[in-house]
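# Understanding the architecture of this molecule
So you can see what is in the structure, the chains are spelled out below.
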Amino acid sequence: VQHTMVVAEDGRLWSCGSTDAFLGHGLTAKPGALVFTPKPVATNFDTRVAYVSAGWCHTAFLTDLGQLFTFGVGADGRLGHGTMDDVAIPACVEACQDVTFRHVACGGAHSVAVSAEGEVYTWGKGISVGHGDGEDCLRPQKVNELGPLMVDVCAAGGGHCAVVTDEGDVYMWGTGAQGQLGTGTRKDELSPVGLELYGVAICRVALGAFHSLLAAKTGDLITFGAGGPTPQGLDAESDVDAQDAIGIAGGERGRLCQ
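## A look at the pairing of strand 17 (residues 212-216)
Burial of strand 17 is extensive: five of the five residues sit out of reach of the surface. Alternating positions in strand 17 separate into two faces, Ser212, Leu214 and Ala216 on one and Leu213 and Ala215 on the other, with burial throughout. Of the pairings in the sheet, the one linking strand 16 (residues 202-207) to strand 17 comprises five bridges and is antiparallel in character. When the sheet's bridge partners are listed, Leu207 is paired in strand 17 with Ser212. Connecting strand 16 to the next strand, strand 17, in antiparallel fashion are four residues. Judged from the four bridges that link them, strand 17 and strand 18 (residues 221-224) form a sheet pairing that is antiparallel. Bridging from a neighbouring strand, Leu214 pairs with Ile222 of strand 18. A loop of four residues connects strand 17 with strand 18, the two strands running antiparallel in sequence, and Gly219 in this loop sits at a positive phi of about 105 degrees.

As structure tokens, then:
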């Protein structure tokens, strides 16, 4: 990740890092410049920001009304505006203005969001969006392959996605070469695949560039990828409290999921 996003207590959004990621400060910054201290992001709305996620070179956030905004590098359609154009300051994703969202996550070149009804929408690089055809998706599209499942939270990694249902089940898709999908193989998956977790219910998930972490309701921390193609940690010597596991960083090139 080339930048950092922060939501202040007053609901304002701040950013710092590389201007290559488009920090939302407008077009005045030179490409490749570094902003070392957080500066306020330019916005044209009065509602508060409730949640933000930073991808490799793009950002998505939700207002307290559940509206979805994105900005940054637009390659592969990761911003959801119907084009691959870069966007310098936050813009509302018009394709889903009628959808209220409660969670969003940005990955390497894709994005995923969960609606208030528990439906999952993805957009961006084709191998990572879970629609089954491998085609880039320029606007948010519902992941119909998840059927009637009620999803609570989502996460996006370097090239993969994960969602956790209200029953504590986990479904993943995308790139799997390092075992980061936890399916027992190193295959890519173009559609969601449910994980075999031996009855352990999951409450949170965080994804790095090439690995994944699951926080179980029992307090166990389960990890896989970049070293092992199947879930590890079910019999870990040290338990991790599920609440403490929320917000685990995915690694050097990973991202934060809450």
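Okay, back to it.
## Examining the packing of aromatic side chains
Scanning all chains against the criterion turns up two aromatic pairs. With a centroid separation of 5.3 Å and an interplanar angle of 0 degrees, the aromatic rings of Phe61 and Phe69 are classed as stacked. What makes Phe61 buried here is its relative accessible area of 0%. Looking at Phe69, the relative accessible area reads 5%, which means it is buried.

Calculation rules
- Residues numbered from 1 in each chain as written.
- Predicted model: local features only at pLDDT ≥ 70, side-chain atom pairs only at ≥ 80, totals over all residues.
- Heavy atoms only, no water.
- Buried < 20%, exposed > 50% of the residue type's maximum accessible area, 1.4 Å probe, protein only.
- Helix = DSSP H or I, 4+ residues; strand = E, 2+ residues; numbered from the N terminus.
- Pairing = 2+ DSSP bridges.
- Phe/Tyr/Trp six-rings, centres within 6.5 Å; stacked < 30°, edge-to-face > 60°.

All we've got here are geometric facts, nothing functional implied.
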